[in-house]
4 protein chains.
Amino acid sequence: MKLSGVMPPIVTPFINGKLALDKLKMNFQKWNKTGLSGYLVLGSNGEAVYLNEKEKIRVLEVSRECIPPSKIMLVGTGLESTQETIRFTNQAAKMGADCALVVTPSYFKGSMKPQILYEHFLSVAESSRIGILLYNVPQFAGINMESELVARLSEHPNIKGIKDSSGNIDQLTQIVHQSRKDFVVFVGSAPVFFPALCIGAVGGILAVANVVPEKCVRIQTLYNQQKLMEARKLQNQLTPLAKAVTVKYGIGGLKMAMDLAGYFGGDPRSPLKRPGQEVEKELRRLLLQIENPMPMPESPSKLQ
Amino acid sequence: MKLSGVMPPIVTPFINGKLALDKLKMNFQKWNKTGLSGYLVLGSNGEAVYLNEKEKIRVLEVSRECIPPSKIMLVGTGLESTQETIRFTNQAAKMGADCALVVTPSYFKGSMKPQILYEHFLSVAESSRIGILLYNVPQFAGINMESELVARLSEHPNIKGIKDSSGNIDQLTQIVHQSRKDFVVFVGSAPVFFPALCIGAVGGILAVANVVPEKCVRIQTLYNQQKLMEARKLQNQLTPLAKAVTVKYGIGGLKMAMDLAGYFGGDPRSPLKRPGQEVEKELRRLLLQIENPMPMPESPSKLQ
Amino acid sequence: MKLSGVMPPIVTPFINGKLALDKLKMNFQKWNKTGLSGYLVLGSNGEAVYLNEKEKIRVLEVSRECIPPSKIMLVGTGLESTQETIRFTNQAAKMGADCALVVTPSYFKGSMKPQILYEHFLSVAESSRIGILLYNVPQFAGINMESELVARLSEHPNIKGIKDSSGNIDQLTQIVHQSRKDFVVFVGSAPVFFPALCIGAVGGILAVANVVPEKCVRIQTLYNQQKLMEARKLQNQLTPLAKAVTVKYGIGGLKMAMDLAGYFGGDPRSPLKRPGQEVEKELRRLLLQIENPMPMPESPSKLQ
Amino acid sequence: MKLSGVMPPIVTPFINGKLALDKLKMNFQKWNKTGLSGYLVLGSNGEAVYLNEKEKIRVLEVSRECIPPSKIMLVGTGLESTQETIRFTNQAAKMGADCALVVTPSYFKGSMKPQILYEHFLSVAESSRIGILLYNVPQFAGINMESELVARLSEHPNIKGIKDSSGNIDQLTQIVHQSRKDFVVFVGSAPVFFPALCIGAVGGILAVANVVPEKCVRIQTLYNQQKLMEARKLQNQLTPLAKAVTVKYGIGGLKMAMDLAGYFGGDPRSPLKRPGQEVEKELRRLLLQIENPMPMPESPSKLQ
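Residues numbered from 1 in each chain as written. Chains lettered and ligands numbered in written order. Predicted model: local features only at pLDDT ≥ 70, side-chain atom pairs only at ≥ 80, totals over all residues. Heavy atoms only, no water.

Caption draft 1: How the structure looks around the sheet that holds strand S4 (residues 38–41) of chain A. Residue and element names in this part refer to chain A. Pairing within the open sheet is parallel, and its 8 strands lie in the order S1-S10-S9-S8-S7-S6-S5-S4. If you trace the sheet from one side to the other, it starts and ends with strand S1 (5–7) and S4, each paired once. With direction set aside, neighbouring strand axes in the sheet form an average angle of 25°. In the sheet, strand S5 (residues 72–76) pairs with strand S6 (residues 99–103) via 3 bridges, with the strands oriented parallel. Note that in S6 the partner of Val 75 across the bridge is Ala 100. (Pairing = 2+ DSSP bridges. Helix = DSSP H or I, 4+ residues; strand = E, 2+ residues; numbered from the N terminus. Axes fitted to C-alpha atoms, helices over the stretch in contact; angles between N-to-C directions.)

Shown next as structure tokens:
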């Protein structure tokens, strides 16, 4: 199974605070018809930190059932302790995950020195029955993995790649350049999806791909066809929505946009909240803009 | 029960990665003979993020058994989701906790706006059978609670106070000044324990109090006796050790210092590590300095 | 001359963008009648970065004329290059300054390692005909001087002390504790003036002392008389105005507050601006509160 | 004159701390034979903050003399005050500058709100006899210009473009997209030169172009020829040196690398220092690597 392409970190649907797995199935039916290469289950945007273990198992079961063998099933399994991370990674493996995404432990930020992280990921890689991807997400974890650490870790055969959500293109470039030849780099920040492809990323794991999967996939297709001007133009259309459903309005905004786009979003769990009507209007406008972009092209000088 | 004085956020002893509750009992026997006013169980330094729920329950049972009724039993119960926080707070209440310490949820840092935090803490306070203390710890959570938010929350009768570990004395001053009259402010950063008392804190919840409880208690006693010069002098003796067992060497360092001071520290759980021999030497030296401080006094001009 | 007490970093008056030295004289006449121990001329709040050298000389001349020999004349002389800093420090010395305040050079932040700063300040101290005070102001300079560096520098006999505006009380405590016995520490952040005195600062160089000098002086007097509760209470009355004329509304706000308090403030130079009427109302209210504080005392429990 | 291509922010040569203008001429003779499109005179790397006005004028005279009419003469003219910036910009215009680079004023960081910066740049643009480029350099200024502010400023006909040194590719993308059609965007951070071209930058103003101008120019040529794999490969060869002569060793490192590459670098002014022999070895090695890169190509999978 080739690790590349566009994957959404799928949201977890709730109704009145309870898991709504039939809604999850509905979402999969629609996503499966698109060019998405796979799915990240139990990622940050899946509100994994708000699910207890039983709920996580239920989400995994339904996801495994719904994801066709041709698409990647990537599962977020990182926890704070090394031991628990290993245990849950192998639980996910047993349930059919293709690969595990392991976030940096981060509660004790000051203690998470490179060597501590190195040993943590190595222990997990050694003990995991499936390949793992590292997950660097400074905006949630409050710590960053430098390219030198990633390069060292890339030497382990069971560490297949990384999802880097820092948005730092210099760092992504260094990771691509310094790591093992077949180490795969996914970008986790949609506003830099196109430039990340330019410097060697193999794909994107993008929250906004929950909402407009085809638009995201199309950017990569255009890039692969060397249609740089068109890829860049589509990126510029996508960016405002991508920011609205992440930094600006968070998971509440993401789920609201999904509702507007014909998926089931629903409410996030407390303390997160669904945004109000003003945000709904804005999201509706941003969605329309992507579907029907302004005909006026960017100036040719800017798209050479 | 009066909320004030010095409390250690007690460490959780492990042997070979397993809970060592007899060692915890031994520690309590020694601590109980000191002037500590109480204990924080399942705090950050208790490695609560590395314990599963069963282990937490066992720690609570043993702590309840060991803590005499004259001392405060404060329990860390904050989790990411509002619902789980309420559930676990009431679990702790049922097991005999006097008060719950509720940390800011923080995984989705960008979404934790003041109003979101306000509603989270209000829900918990409404539903909790015991009083709660807010817990502000930017160095772990990556977010800070401003004094205005704390002041608003202080109006709820079931929100009794705050532990603020920011180390920001301006902020502590504002919290004391702007909050409800009987709202209690504990400082969570030992290097500013003495100035925090000067601006109105009622006590400290201090990692270093696991190691040298009497020294910490003595600072507050001296302050209460208006012996400012002596209190400040003792603070200056304490600070290097206090930093070594927190920012500098983390929980591994804290546990090592406890071993050196006659308590059971042991190893932290992975990915945390016990530091090496160089650190042991340094900690031994710092402990000696506190027990036998240099006879040469600070210059009188500095201690007026 | 004893370095201690309260000094304002005096503002530089302009009318239509031109120096208004008669207004400066008027301000001095009023300030001289208060308990201020001296003045900082050409500090940050004096808009020194907006003055050319000729203007600086004129301000020094008038200040020297107006400042009585019983009060300290401290002059801000730090520039980016070592050579220019030495030249201008000796120019100020020739014009009668008692002491020079030398800010950290900071344009090339990444290069300003401790050893570079050490050599810079040592060169200046060696070549200066008057004593110097270090000036640490992270909010403007973007770099911080750690207590270890300050302690090393304090060994030079011509480095008399420091103005630390970081607001970090832990750092101030360490500076007081680690430095030479007679090294003087001034705090540069009014909201922590009282706690800074508690941990050993000898005084404050405070923007708000331009506006309400007597209130600032009174805090120190109360502290010296061991009237801690009253000192703290007055601090709490002062803090909102102190923040308004610094972090909140900057020098434009400071000058407006001076106009309201009977001094000449006037407009700052562009790009700084005088704030609008809303801010004027707020400043007026804050001033009134200080002059006529609410009769209701803080709860006794908070003022022990 | 078309604003695009690669320009070095030229260093200012000193011998024993004095301007060495003959060395500057020598450097220009070599640079003029390369494909550089122009020069930035009196930029940050020109140590402009360490030059007095007379010295600046001398550097401008010599530069004007040495720069052929076919190449751009861009001059750094930004100062803290609006009035002084206007005055010096017109001085540079009178001396033959083609365009002025105006850095954000930044000493009073907290006061530099978007509207204040907007009015500052507008005043300068209105009064300047030559076109201006905005200069955003958070690592020196400590403040950042958001794309929305840049877009608003781009509407003024005399504001021709921007040099953005943030290294933030998302921000550069937004600036290109949101600004006036013919607004030019130069990237000021060499490690992201290639991705910046991909998203629409017209060129780079790069410290490392003082040392290896042809390599920098070649990246842009390869990009223009749509040879993306080769451009990216050359970028990866350039990056380690580019970082060494900026973030890692600063201007001292930049000047040392110039000496090694056959230009005159010399010493920076105090407090900056020339690095020691270890750094010289490292720089020599990095230069060799660029001139004679390892024959082994990157894996084809990474260069598609």
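Caption draft 2: Just the relation of the copies chain A and chain B, in detail. Relative to chain B, chain A is turned by 180° and slid 0.0 Å along the rotation axis, the superposed coordinates differing by an RMSD of 0.0 Å. The transformation relating the two chain copies, once decomposed into turn and shift, fits a two-fold axis. The C-alpha atom lying nearest the rotation axis in chain A is that of Gly 142 of chain A; the distance is 3.2 Å. Comparing interface residues between copies, 100% of those in chain A also lie at the interface in chain B; the contact surface is shared. (Least-squares fit on C-alpha atoms with pLDDT ≥ 70 in both. Contact = heavy atoms within 4.5 Å.)

Caption draft 3: Examining the relation of the copies chain D and chain C more closely. The transformation that overlays chain D on chain C combines an axial shift of 0.0 Å with a rotation of 180°, and the residual RMSD is 0.0 Å. Most of the interface of chain D is mirrored in chain C, where 100% of its interface residues are also at the interface.

Caption draft 4: Here's a closer look at the pattern of salt bridges. Taken as a whole, this structure holds 56 salt bridges over all chains when the rule is applied. Where Lys 273 of chain B meets Glu 119 of chain A, a salt bridge forms, and the shortest distance between an N and an O atom there is 3.8 Å. Here Lys 273 of chain B, found in the loop between helix H11 (250–260) and helix H12 (277–291), pairs with Glu 119 of chain A, found in helix H4 (residues 114–127), and the two come from separate chains. For Glu 119 of chain A, a relative accessible area of 32% corresponds to the partly exposed category. The partner of Asp 182 of chain C in a salt bridge is Arg 180 of chain C, with the nearest N and O atoms 2.7 Å apart. Taking relative accessible area as the criterion, Asp 182 of chain C reaches 53% and is therefore assigned exposed. (Salt bridge = Lys/Arg side-chain N within 4 Å of Asp/Glu carboxyl O. Buried < 20%, exposed > 50% of the residue type's maximum accessible area, 1.4 Å probe, protein only.)

Caption draft 5: Fine view of the environment of Leu 60 of chain B. Residue and element names in this part refer to chain B. Considering the arrangement of structural elements, one finds Leu 60 in helix H2 (residues 53–66). Of the residues examined, Leu 60 reaches a relative accessible area of 0% and is grouped as buried. Other than its neighbours up to four places away in sequence, Leu 60 contacts Val 41, Leu 42, Met 73, Val 75, Phe 88, Ala 92 and Met 95.

Caption draft 6: Spatial organisation of the packing of aromatic side chains. Tallied over the entire structure, the rule returns 33 aromatic pairs over all chains. Measuring from centroid to centroid gives 5.6 Å for Phe 28 of chain D and Trp 31 of chain D, while their planes differ by 85°, and the two rings are edge-to-face. Placement of both Phe 28 of chain D and Trp 31 of chain D in helix H1 (residues 21–31) is noted, with a separation of 3 residues, approximately one turn of the helix. A single burial state applies to Phe 28 of chain D and to Trp 31 of chain D, both of which are buried. The aromatic ring of Tyr 118 of chain B is capped on one face by Arg 152 of chain B, whose charged end is 3.7 Å from the ring centroid. (Phe/Tyr/Trp six-rings, centres within 6.5 Å; stacked < 30°, edge-to-face > 60°. Lys NZ or Arg CZ within 6 Å of the ring centre and 35° of its normal.)

Caption draft 7: Quick look at the interface of chain A and chain B. Between chain A and chain B, the contact holds 26 residues from the first and 27 residues from the second. The largest contributions to the chain A side of the interface with chain B come from Tyr 107, Phe 108 and Pro 271 of chain A, which together make up 26% of the buried area. Remark: the boundary between chain A and chain B carries 2 salt bridges. Along the contact surface separating chain A from chain B lie 6 residue pairs in polar contact (both at pLDDT 80 or more). Here the element with the most residues in the side of chain A that touches chain B is H4 of chain A; it accounts for 3 residues. For the side of chain A that touches chain B, the residue count by class is 12 nonpolar, 9 polar and 5 charged. (Buried area = accessible area lost by both parts, 1.4 Å probe. Polar contact = N/O pair within 3.5 Å; in protein donor to acceptor, adjacent residues only side chain to side chain. Nonpolar A, V, L, I, M, F, W, Y, C, P; charged D, E, K, R; others polar.)

Caption draft 8: Seen up close, the interface of chain D and chain C. Listed as interface residues are 26 residues of chain D and, on the opposing side, 27 residues of chain C. Across the chain D to chain C interface the summed buried area is about 2,700 Å²; carbon plus sulfur atoms make up 66%. At the junction of chain D and chain C, the tally comes to 2 salt bridges. Counting every contact that joins chain D to chain C gives 6 residue pairs in polar contact (both at pLDDT 80 or more). When residues in the side of chain D that touches chain C are grouped by element, the largest group, 3 residues, is from helix H4 (residues 114–127) of chain D.

Caption draft 9: A look at helix H1 (residues 21–32) of chain C. All names here are of chain C. With 12 residues, H1 should cover 16 Å at 1.5 Å per step; its first-to-last C-alpha distance of 16 Å lies within 8% of that length. Residues of H1 that are buried: Leu 21, Leu 24, Asn 27, Phe 28 and Trp 31. Relative to the axis of H1, the buried residues are bounded by an arc of 105° and lie together on one face. The inward-facing, buried residues of H1 contact strand S3 (18–19), strand S4 (38–41), helix H2 (53–66), helix H9 (213–224) and helix H11 (250–260). (Expected span 1.5 Å × (residues − 1). Arc of directions from axis to C-beta.)

Caption draft 10: Up close: the packing of helix H2 (residues 53–66) of chain A against helix H3 (residues 82–94) of chain A. All names here are of chain A. Look at H2 against H3: their axes get within 11 Å of each other, and the N-to-C directions meet at 30°. If you check the angle between H2 and H3, you find them roughly parallel. Judged by the twist between their axes, the crossing of H2 over H3 is right-handed. For the pair H2 and H3, contact is made by Glu 53, Lys 56, Ile 57 and Leu 60 and by Arg 87, Phe 88, Gln 91 and Ala 92, respectively. Grouping the amino acids of the contact of H2 with H3 by side-chain chemistry returns 4 nonpolar, 1 polar and 3 charged. (Parallel < 35°, antiparallel > 145°, perpendicular 65-115°, else oblique. Left-handed = near helix turned anticlockwise from the far one by under 90°.)

Caption draft 11: A look at the sheet that holds strand S6 (residues 99–103) of chain D. All names here are of chain D. What the 8 strands build is an open sheet, ordered S1-S10-S9-S8-S7-S6-S5-S4; its pairing is parallel. Two strands bound the open sheet, and with one partner strand each, they are strand S1 (5–7) and strand S4 (38–41). Direction aside, the axes of adjacent strands within the sheet are offset by 25° on average. Bridge count for S4 against strand S5 (residues 72–76) is 4 bridges, and the pairing is parallel. Along S5, the bridge assignment pairs Leu 40 with Leu 74.

Caption draft 12: Seen up close, the side chain of Thr 89 of chain A. All names here are of chain A. Along the polypeptide, Thr 89 turns up in helix H3. On the basis of relative accessibility, which here comes to 0%, the residue Thr 89 falls in the buried class. Sequence-distant contacts of Thr 89, defined by excluding residues within four places in its chain, comprise Thr 77, Ala 100, Val 124, Ser 128 and Ile 130.

Caption draft 13: Just the side chain of Thr 85 of chain B, in detail. All names here are of chain B. If you trace the backbone, Thr 85 turns up in helix H3 (residues 82–94). Thr 85 gets classed as buried once you look at its relative accessible area, which sits at 0%. What Thr 85 contacts, discounting residues up to four positions off in sequence, is Thr 77, Gly 78, Leu 79, Val 102, His 120 and Val 124.

Caption draft 14: Here's a closer look at the pairing of S4 of chain C. Side chains Gly 38 and Leu 40 of chain C project from S4 of chain C onto one buried face, and the interleaved Tyr 39 and Val 41 of chain C project onto a second face that is buried too. In the classification by handedness, the crossover that spans S4 of chain C, the intervening H2 of chain C and the parallel strand S5 (residues 72–76) of chain C is right-handed. (Right-handed = clockwise from strand over helix to strand, strands pointing away.)

Caption draft 15: Quick peek at unusual backbone geometry. Note the cis peptide between Ser 270 of chain A and Pro 271 of chain A, where omega equals 10°. Tracing the chain through its elements places Pro 271 of chain A in the loop between helix H11 (250–260) and helix H12 (277–291). Of note, the phi angle at Leu 42 of chain A is positive, near 65°, even though the residue is not glycine. Of note, Leu 42 of chain A is situated in the loop between S4 and H2. A residue is classified by how much of its surface remains accessible, and Leu 42 of chain A, at 4% relative accessible area, is buried. At Asn 16 of chain B, a residue that is not glycine, the phi angle is positive and equals roughly 50°. The class of Asn 16 of chain B is exposed, set by a relative accessible area of 79%.

Caption draft 16: Highlighting the confidence of the model for chain A. Residues and elements named next belong to chain A. Within chain A, residue pLDDT values average 95, and 96% of them lie at 70 or more. Counting interchain partners and residues more than four positions distant, the pLDDT-below-50 stretch residues 296–304 has 19 contacts. Per the prediction output, this complex has pTM 0.94; the corresponding ipTM is 0.93. (pLDDT = per-residue confidence, 0-100.)

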